[in-house]
Amino acid sequence: MSASMLPDGGTAAVSGPGSLEVITPDLDAAIHWTEHGYPHPLAKWHHHPQVEFHLIREGSGLMMAGDGVLPFEEGHVALIGANLPHNWVSDLRPGERLEHRDVVCHVRPEVLRVLMTYFPECSGFGIALHRASYALVLSGRSAARAASCLETMGGHEGVRRLADFVELLAAFEEAPEGEWSTVVTPGYDPSGGSGSERLLNAAIGYVTDNLGGDIRLEEAAAQAAMSPSAFSRFFKRTAGVGFADFVRRLRVGRACRLLATTDMPVARIQRECGYGNASNFNRRFLAETGVTPSAYRKARQGY
């Protein structure tokens, strides 16, 4: 099944493939495993020829892949196909850093094809790889299983890491209906449009740097040397979501995290998320989550 997973169901075509990330292969291993915090130089709109398994350990925000956008929280696990542009944008407070946000595993598609060719027992992995071309996301027990495999791989080397990797593939292959979904629209073409990744990453940086303050379409457009109308079209075409919707979803995502993890008064959270008055904040929060901020906190914290 394929769905945008946006709260409003919207998607749009992307004009550019994102910048190419060069992943240096390990000389004695086919599986490249790493972890990093956020912000990080690699956390940008980009693509690479390797298949990517990605776990979010902490924080919340928006996953961007191809022409789809999906909210994420800690425990989010995804499989990204070769050369599919992607990014995870966390909502951070000023000066905040997530030290251990990501666990990432890369492997070249040809390695997986060899595995499936010489081990018929692995032939079912092709199903997961096909879905990965549309950004495959797990949930429920399947996500927990895959996350455990990714964490375990970090402490293993050699054949033990290979065994973890096979178990990780199995978690994606065996995920039942209801515990997997895809993000990218069928027929999406990542080619075309040079330079769009630089402009998009600059716009994302502007938003995340000013999330608690005033964010203006005109200012974002000026940084890209575009008129506001041209920038608005460019952002939606490239990011898969409108500029105002992108800002709102990041702000509401930050509010959700603060409501769930702190005792901060709702009025202060409203200000921390860039909303000047309570009525606008409550209206936007309700439209995005279906509940009021107080109800959300009660459900998450039990009071």
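Because the structure is predicted, anything quoted here is derived from the model rather than measured. (Residues numbered from 1 in each chain as written. Predicted model: local features only at pLDDT ≥ 70, side-chain atom pairs only at ≥ 80, totals over all residues. Heavy atoms only, no water.)

Colleague: Describe the overall build of the chain, with residues and values.
Modeller: Scanning the chain for helices and strands turns up 11 helices and 11 strands. A total of 303 residues make up the chain; the buried ones form 50% of that total. Counted over contacts in the chain with a minimum sequence separation of 6, partners at least 24 positions apart contribute 76%. (Helix = DSSP H or I, 4+ residues; strand = E, 2+ residues; numbered from the N terminus. Buried < 20%, exposed > 50% of the residue type's maximum accessible area, 1.4 Å probe, protein only. Contact = heavy atoms within 4.5 Å.)

Colleague: Give me the packing of helix 8 (residues 243-261) against helix 11 (residues 293-301): which residues, what numbers.
Modeller: Two packed helices can be described by the angle between their axes and the distance between those axes. Orientation of helix 8 relative to helix 11, taken along the N-to-C sense of each, is 50°, at an axis distance of 8 Å. One element, helix 8, and the other, helix 11, form an angle in the oblique class. Judged by the twist between their axes, the crossing of helix 8 over helix 11 is right-handed. In this structure, helix 8 contributes Cys 256, Leu 258, Leu 259, Ala 260 and Thr 261 to the contact, and helix 11 contributes Pro 293, Tyr 296, Arg 297, Arg 300 and Gln 301. (Axes fitted to C-alpha atoms, helices over the stretch in contact; angles between N-to-C directions. Parallel < 35°, antiparallel > 145°, perpendicular 65-115°, else oblique. Left-handed = near helix turned anticlockwise from the far one by under 90°.)

Colleague: I'd like a description of unusual backbone geometry, backed by residues and values.
Modeller: Here the amide bond leading from Tyr 38 into Pro 39 is cis, since omega sits at 5°, within 30 degrees of zero. Tracing the chain through its elements places Pro 39 in the loop between strand 2 (32-38) and strand 3 (46-47). Not every positive phi belongs to a glycine, and Ala 135 is a case in point at roughly 65°. Topologically, Ala 135 is positioned in the loop between helix 2 (125-132) and strand 10 (136-138). A relative accessible area of 0% places Ala 135 in the buried class. Of note in the backbone geometry, Ala 225 takes a positive phi value of approximately 55° without being a glycine. By the element assignment, Ala 225 lies in the loop between helix 6 (217-223) and helix 7 (228-239).

Colleague: With reference to specific residues and values, describe the packing of helix 1 (residues 109-118) against helix 2.
Modeller: Orientation of helix 1 relative to helix 2, taken along the N-to-C sense of each, is 155°, at an axis distance of 10 Å. Classed by the angle they form, the pair helix 1 and helix 2 counts as roughly antiparallel. In terms of crossing hand, the pair formed by helix 1 and helix 2 is left-handed. Taken together, the residues of helix 2 that come into contact with helix 1 (itself represented by Leu 112, Leu 115 and Met 116) are Phe 125, Gly 126 and Leu 129. Within the contact of helix 1 with helix 2, the residues separate by chemical class into five nonpolar, one polar and no charged. (Nonpolar A, V, L, I, M, F, W, Y, C, P; charged D, E, K, R; others polar.)

Colleague: Provide a residue-level description of the packing of aromatic side chains, including the pertinent values.
Modeller: Two aromatic rings, taken as a pair, are described by how far apart their centres are and by the angle between their planes. Inspection of the entire model under this criterion finds 10 aromatic pairs. On the numbers, 5.6 Å between centres and 85° between planes, the contact of Phe 53 with Phe 165 is edge-to-face. With Phe 53 in strand 4 (residues 51-56) and Phe 165 in helix 4 (residues 158-173), this residue pair connects regions lying 112 residues apart in the sequence. Classification of Phe 53 as buried rests on a relative accessible area of 0%. Phe 165 sits in the buried class, given a relative accessible area of 2%. Seen in terms of ring centroids, Phe 231 and Phe 234 are 6.2 Å apart; in terms of plane orientation they differ by 45°. Their pairing is tilted. One end of the pair is Phe 231 and the other is Phe 234, both in helix 7 and three residues apart, which spans about a single turn. (Phe/Tyr/Trp six-rings, centres within 6.5 Å; stacked < 30°, edge-to-face > 60°.)

Colleague: I'd like a description of the environment of Val 69, backed by residues and values.
Modeller: With respect to the helices and strands, the residue Val 69 is situated in strand 6 (residues 68-72). Through-space distance from the C-alpha of Val 69 to that of Ala 239 is 7.7 Å; in sequence the pair is 170 residues apart.

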